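Observations on the three-dimensional arrangement
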Amino acid sequence: SQVSFEEESQNPPAVGHWKPLMPSKGDKEEAESGCQDAGGVQEPQSTEQLNVSRLRSSSVEIREKGSEFLRDELHKAQKELKLKDKECERLSKVREQLEQELEELTASLFEEAHKMVREANTKQAAAEKQLREARGKIDMLQAEVTALKTLVITSTPSSPNRELHPQLQSPSKAGFRKGHGRNKSTSSAMVSAASQSVAPEPVSRECKEVDSILFAEFQAWKESPTLDKSCSFLDRIYREDVGPCLDFTKQELSELVRVAVEQNTLTIEPVASQTVPVGKVAAEECGGPKKCALSGLPRTCKHRIMLGDSGSYYYISPSCRARITAVCNFFTYIRYIQQGLVRQDVELMYWEVMRLRREMSLAKLGFYPSEM
């Protein structure tokens, strides 16, 4: 029966061969008459037809349910396909967006890299230019240091250099070197004793004796030279010489001058009689050709000073100029010692420091050369 069911499911019956499951009344009569005529042979045939009809109805029902199930599965598959299509479309848009962002990022990175390369080339060119300028300045400064070193080393109290001490030269040569031009405080050593001293007697005629306390302080400072005023050597000189020498009537300006001298930013230059005060401060503060800015007294001012790069000039009298120059000469010499430019015996350096201290004391007391 199973084989017949499969054959029936594969080969559906043709139209016009359906036979009723339940025979009608006429059929029953015919069947009964047929049965009576056949003598009982027809009864097994009707039972077999009934079974076949039942199988055919079952196959139709199964076919309908299978069709309905397949339609449901088809609908589900179509829905899933639509969802997959939407997901694919969304992923495609995301991919396009990522590709666009990647292209923009790549372009911006290349642009930034080119910009950095240009800036690096510019900075390299500027650095090379500064290096060349610095090397030129170094060569110039080395030449100046060599010249100054030669002058300082060859000038000692026992054997002074006549180039640094014009008062030891003949009157004609000394007169030729009278006065000096615009110079920084670092250059003041070039006119140290010549512009400050009051024609002392020859060194060979002086009687000198080393003070043990002062010499010990200088030796201790010489072991580790510094410009820190806290050490005993410089502390004494600040109290006894530098402070009193730079103590002018105008206290505020005096403090600025002291700081400029310590920082090596003071400029002294001669002025013509027609020069008009130039600067950022008032004319009364700057003084003038007939008034000293430091003392506040009416004096003929032949020089003026500038503190750093402020552009402000202050007119000073010859006495004030002598006091400032004496302090500048002292600081210049101890800077040379600190930088190792002075190669002398410790005692000779000590006496040179004492000579510079004497110049500061004389300038404080009002003694200065007439050519100032």
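Residues numbered from 1 in each chain as written. Predicted model: local features only at pLDDT ≥ 70, side-chain atom pairs only at ≥ 80, totals over all residues. Heavy atoms only, no water.

The secondary structure content of the protein chain amounts to 11 helices and four strands. Residues counted as buried form 29% of the 372 residues belonging to the protein chain. Sequence separation of at least 24 residues holds for 73% of the intrachain contacts in the protein chain that already meet a minimum separation of 6. As displayed, the protein chain has an accessible area near 24,600 Å², and 55% of this comes from carbon and sulfur atoms. (Helix = DSSP H or I, 4+ residues; strand = E, 2+ residues; numbered from the N terminus. Buried < 20%, exposed > 50% of the residue type's maximum accessible area, 1.4 Å probe, protein only. Contact = heavy atoms within 4.5 Å. Areas by Shrake-Rupley, 256 points an atom, 1.4 Å probe, with all protein chains shown as cover.)

What follows deals with the pattern of salt bridges. For the structure on display, the rule yields 14 salt bridges. Ionic pairing is found between Glu217 and Arg236, a salt bridge with its closest N-O pair at 2.9 Å. Placement of Glu217 in helix H6 (residues 212-223) and of Arg236 in helix H7 (residues 232-245) is noted, with a sequence separation of 19 residues between them. Judged by its relative accessible area of 15%, Glu217 is buried. Close ionic contact of Arg236 with Glu240 constitutes a salt bridge, the shortest N to O distance being 3.3 Å. With Arg236 and Glu240 both in helix H7, this residue pair falls four residues apart, about one helical turn. Taking relative accessible area as the criterion, Glu240 reaches 37% and is therefore assigned partly exposed. Residues joined in a network through salt bridges with shared partners are Glu217, Arg236, Glu240, Asp241 and Arg357. (Salt bridge = Lys/Arg side-chain N within 4 Å of Asp/Glu carboxyl O.)

Moving on, we get to helix H8 (residues 251-262). For H8, which comprises 12 residues, the first-to-last C-alpha distance of 17 Å matches the rise-based estimate of 16 Å (1.5 Å per residue) to within 8%. Buried within H8 are the following residues: Leu253, Ser254, Val257, Arg258, Ala260 and Val261. Around the axis of H8, the buried residues are gathered within 165° of arc, so they sit on the same side. Seen from the buried face of H8, the exposed residues on the opposite side, beyond 90 degrees, are Gln251 and Glu252. (Expected span 1.5 Å × (residues − 1). Arc of directions from axis to C-beta.)

Right, let's talk about a negative patch on the surface for a bit. A surface patch of negative charge is lined by Glu96, Glu99, Glu101, Glu103 and Glu104. Topologically, Glu104 is positioned in helix H3 (residues 42-153). (Patch = residues over 30% accessible without salt bridge, like charges linked within 9 Å, V, L, I, M, F, W, Y side chains within 5 Å. Lys, Arg positive; Asp, Glu negative; His and termini not counted. Charge placed at Lys NZ, Arg CZ, Asp CG, Glu CD.)

Here the focus is the packing of H8 against helix H10 (residues 318-338). H10 packs onto H8 with a crossing angle of 25° between their chain directions and a minimal axis gap of 10 Å. Taken together, H8 and H10 sit at an angle that is classed as roughly parallel. Relative to H10, H8 is oriented so that their crossing is right-handed. Residues Val257, Val261 and Glu262 of H8 touch H10, and the partners they reach there are Ile324, Val327, Cys328, Phe331 and Arg335. Grouping the constituent residues of the contact of H8 with H10 by class yields six nonpolar, no polar and two charged. (Axes fitted to C-alpha atoms, helices over the stretch in contact; angles between N-to-C directions. Parallel < 35°, antiparallel > 145°, perpendicular 65-115°, else oblique. Left-handed = near helix turned anticlockwise from the far one by under 90°. Nonpolar A, V, L, I, M, F, W, Y, C, P; charged D, E, K, R; others polar.)

A separate point is the nonpolar core. Core analysis: the largest hydrophobic core is formed by 50 residues, its most contacted members being Val242, Leu266, Leu294, Ile305, Ile324 and Phe330. If you list the elements that add at least two residues to this core, you get H6, H7, H8, strand E2 (266-270), strand E3 (303-307), strand E4 (313-316), H10 and helix H11 (346-365). With 11 residues, the single largest contributor to this core is H10. Once residues lying within four places of it in the same chain are set aside, the contact partners of Ile324 are Leu246, Phe248, Val257, Val261, Leu266, Ile268, Leu294, Ile305 and Ile316. (Core = buried A, V, L, I, M, F, W, Y, C linked by side-chain atoms within 4.5 Å.)

With that out of the way, let us pick up the packing of aromatic side chains. Throughout the structure, instances matching the rule amount to eight aromatic pairs. When the ring of Phe218 is compared with that of Phe233, the centres are 5.5 Å apart and the planes differ by 65°; the resulting orientation is edge-to-face. Placement of the pair is Phe218 in helix H6 and Phe233 in helix H7, with a sequence separation of 15 residues. When sorted by exposure, Phe218 lands in the same class as Phe233, which is buried. Between the aromatic rings of Phe330 and Phe331, the centroid separation amounts to 5.6 Å while the plane-to-plane angle is 70°, which identifies the pairing as edge-to-face. Here Phe330 and Phe331 have matching classes, each one buried. Site record: aromatic cluster; members linked through ring pairs are Phe215, Phe218, Trp221, Phe233, Tyr350 and Trp351. Directly above the aromatic system of Trp351 lies the positively charged group of Lys208, at a separation of 4.7 Å from the ring centroid. Just above the ring of Tyr313 sits the side chain of Arg304; from NZ or CZ to the centre is 3.8 Å. (Phe/Tyr/Trp six-rings, centres within 6.5 Å; stacked < 30°, edge-to-face > 60°. Lys NZ or Arg CZ within 6 Å of the ring centre and 35° of its normal.)

A few words on a positive patch on the surface. A grouping of Lys76, Lys79, Lys82 and Lys86 is seen on the molecular surface, where their side chains present a positively charged patch. Here Lys76 lies in helix H3.

Among the five residues that make up E2, four are buried, leaving the element largely enclosed by the rest of the structure. One ladder, built from five bridges, connects E2 with E3; its direction is antiparallel. What sits directly across from Leu266, in E3, is Leu307. (Pairing = 2+ DSSP bridges.)

A word on the confidence of the model for the protein chain. Overall, the prediction assigns the protein chain a mean pLDDT of 76, with 69% of residues at 70 or greater. Across residues 1-9 the pLDDT falls below 50, and counting only partners more than four positions away or on other chains, this stretch makes eight contacts in the model. For the stretch residues 274-285, pLDDT sits under 50, and the model shows 21 contacts to residues farther than four places along the chain or on other chains. (pLDDT = per-residue confidence, 0-100.)

Moving on, we come to the side chain of Ser254. Inspection of the secondary structure assignment puts Ser254 in helix H8. Side-chain polar atoms of Ser254 contact the backbone oxygen of Lys250, separated by 2.6 Å. Discounting chain neighbours no more than four positions away, the residues touching Ser254 are Leu246, Phe248 and Leu294. (Polar contact = N/O pair within 3.5 Å; in protein donor to acceptor, adjacent residues only side chain to side chain.)

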